[in-house]
Amino acid sequence: MTQRYKFNWDLLGDIAEGRPNLGPMVRTEIYRLMQFSFRDVLEQTYGTEAADKLFYQAGLLAGKQFYQNVMKAAAAFNDFSDFIKTFQSTLAEKGIGILRIEAADHARGRYVLSIAEDLDCAGLPELDYEICVYDEGFIAGIFASYTGREYTVKEVDCWCTGDRTCRFVAEVAAANKLAGQPADRREV
Ligand SMILES: [Zn+2]
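Conventions used here
- Residues numbered from 1 in each chain as written.
- Predicted model: local features only at pLDDT ≥ 70, side-chain atom pairs only at ≥ 80, totals over all residues.
- Heavy atoms only, no water.
- Helix = DSSP H or I, 4+ residues; strand = E, 2+ residues; numbered from the N terminus.
- Rg over C-alpha atoms; globule rule 2.2 N^0.38 Å.
- Buried < 20%, exposed > 50% of the residue type's maximum accessible area, 1.4 Å probe, protein only.
- Contact = heavy atoms within 4.5 Å.
- Donors = N, O, S within 2.8 Å, 3.2 Å for Na, K, Ca; no water.
- Expected span 1.5 Å × (residues − 1).
- Arc of directions from axis to C-beta.
- UniProt positions renumbered as here; feature names shortened; annotations may be inferred.
- Phe/Tyr/Trp six-rings, centres within 6.5 Å; stacked < 30°, edge-to-face > 60°.
- Lys NZ or Arg CZ within 6 Å of the ring centre and 35° of its normal.
- Axes fitted to C-alpha atoms, helices over the stretch in contact; angles between N-to-C directions.
- Parallel < 35°, antiparallel > 145°, perpendicular 65-115°, else oblique.
- Left-handed = near helix turned anticlockwise from the far one by under 90°.
- Nonpolar A, V, L, I, M, F, W, Y, C, P; charged D, E, K, R; others polar.

**A word on the overall build of the protein**
- The secondary structure content of the protein amounts to six helices and four strands.
- Listing every helix and strand of the protein by position from the N terminus yields α-α-α-α-β-β-α-β-β-α.
- Taken over the C-alpha trace, the protein has a radius of gyration of 17 Å; the compact-globule value for 188 residues is 16 Å, and the two agree within 12%.
- When the backbone C-alpha atoms are referred to their principal axes, the protein occupies close to 45 × 40 × 40 Å.
- Within the protein, the fraction of its 188 residues that count as buried is 39%.
- Summarising the internal contacts of the protein: among those between residues at least 6 apart in sequence, 60% fall at separations of at least 24.

Pasting the structure below:
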């Protein structure tokens, strides 16, 4: 299978040159318009489960790229506390959301995070399921990049389920646990 648009950060272009009058920002509803139109077409074509999986995978790719091209470019971080501070500041600076770490169990590789004013879902109508699958992948990509281990992330509370913040549990993937690899960074 040939691939025309294998991701690299350069695909995002030179925004300063390309949008001298409109600048780098776009309104939240326009970002959501693209995300929800993709969701509709993917779900119609492949079904709900596969569409969610594709969103998670895309988020994972985005998270790894965001880590490499935004977080690492923003600051040097040598321990978990630095990593989280940069994670928080870059998410806020890009208008993605307001991150808090609610629990951190370094020994088990398990973290509970909340994101308020989440770009993907804050303000959406109430549904009976969590919707931030792309965010789950995004957070998994960032944790995997920092730790060098695979993570699975599950949203447990969402604006759409009546909470006013999104809450995620990030855990080292089971295969990594079995391999018994020590976490390479366990400070804080
Ligand atoms: Zn959510």
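**What about the coordination of the zinc ion?**
- For the zinc ion, every protein donor is listed as C121 (SG), C132 (SG), E155 (OE), C158 (SG) and C166 (SG), and the spread of their distances is 2.2 to 2.7 Å.
- Between consecutive donor residues of the zinc ion, the sequence gaps follow C-x10-C-x22-E-x2-C-x7-C. With C132 in the loop between strand 2 (110-116) and helix 5 (133-147) and C158 in the loop between strand 3 (151-157) and strand 4 (166-172), this residue pair connects regions lying 26 residues apart in the sequence. With respect to burial, C132 and C158 carry one shared label: buried.

**Focus: helix 2 (residues 28-46)**
- The end-to-end C-alpha distance of helix 2 is 26 Å, a good match for the 27 Å that 19 residues give at a rise of 1.5 Å each.
- When helix 2 is considered as a whole, its buried residues turn out to be R32, Q35, R39 and L42. Along the axis of helix 2, the buried residues cluster in a sector spanning 100°; they form a single face. Those residues of helix 2 that are exposed and aimed more than 90 degrees away from the buried face are L33, M34, Q44 and T45.
- Buried residues along helix 2 sit against helix 3 (48-74) and helix 5.

**Quick notes on the UniProt feature "domain: 4-vinyl reductase 4VR" (unreviewed entry) in the protein**
- Under the present numbering, the feature "domain: 4-vinyl reductase 4VR" (unreviewed entry) in UniProt falls on residues 110-172.
- With 24% helix and 33% strand, residues 110-172 has end C-alpha atoms that lie 7 Å from one another.

**A word on the packing of aromatic side chains**
- Taken as a whole and assessed by the stated rule, the structure comprises 16 aromatic pairs.
- Ring centres of F80 and Y111 lie 5.0 Å apart, and the angle between their planes is 20°; this geometry places the pair in the stacked category. Note that F80 is positioned in helix 4 (residues 80-93) and Y111 in strand 2, a separation of 31 residues in sequence. Taken individually, F80 and Y111 each receive the classification buried, so the pair is uniform in this respect.
- Over the face of the ring belonging to F55 we find R39, whose NZ or CZ atom lies 4.5 Å from the ring centre.
- In this structure, R164 is placed above the aromatic ring of W159, and the distance from its NZ or CZ to the ring centre is 4.0 Å.

**Let's talk about the packing of helix 2 against helix 3**
- Remark: helix 2 packs on helix 3, axes separated minimally by 7 Å, with the N-to-C direction vectors making an angle of 135°. In terms of orientation, helix 2 and helix 3 fall into the oblique class. The two elements helix 2 and helix 3 meet at a crossing, and its hand is right-handed. Packed against helix 2, whose contacting residues are Q35, F38, R39, L42, E43 and Y46, the element helix 3 presents T48, A50, A51, D52, L54 and F55 at the interface.
- For the contact of helix 2 with helix 3, the per-class residue count stands at seven nonpolar, two polar and three charged.

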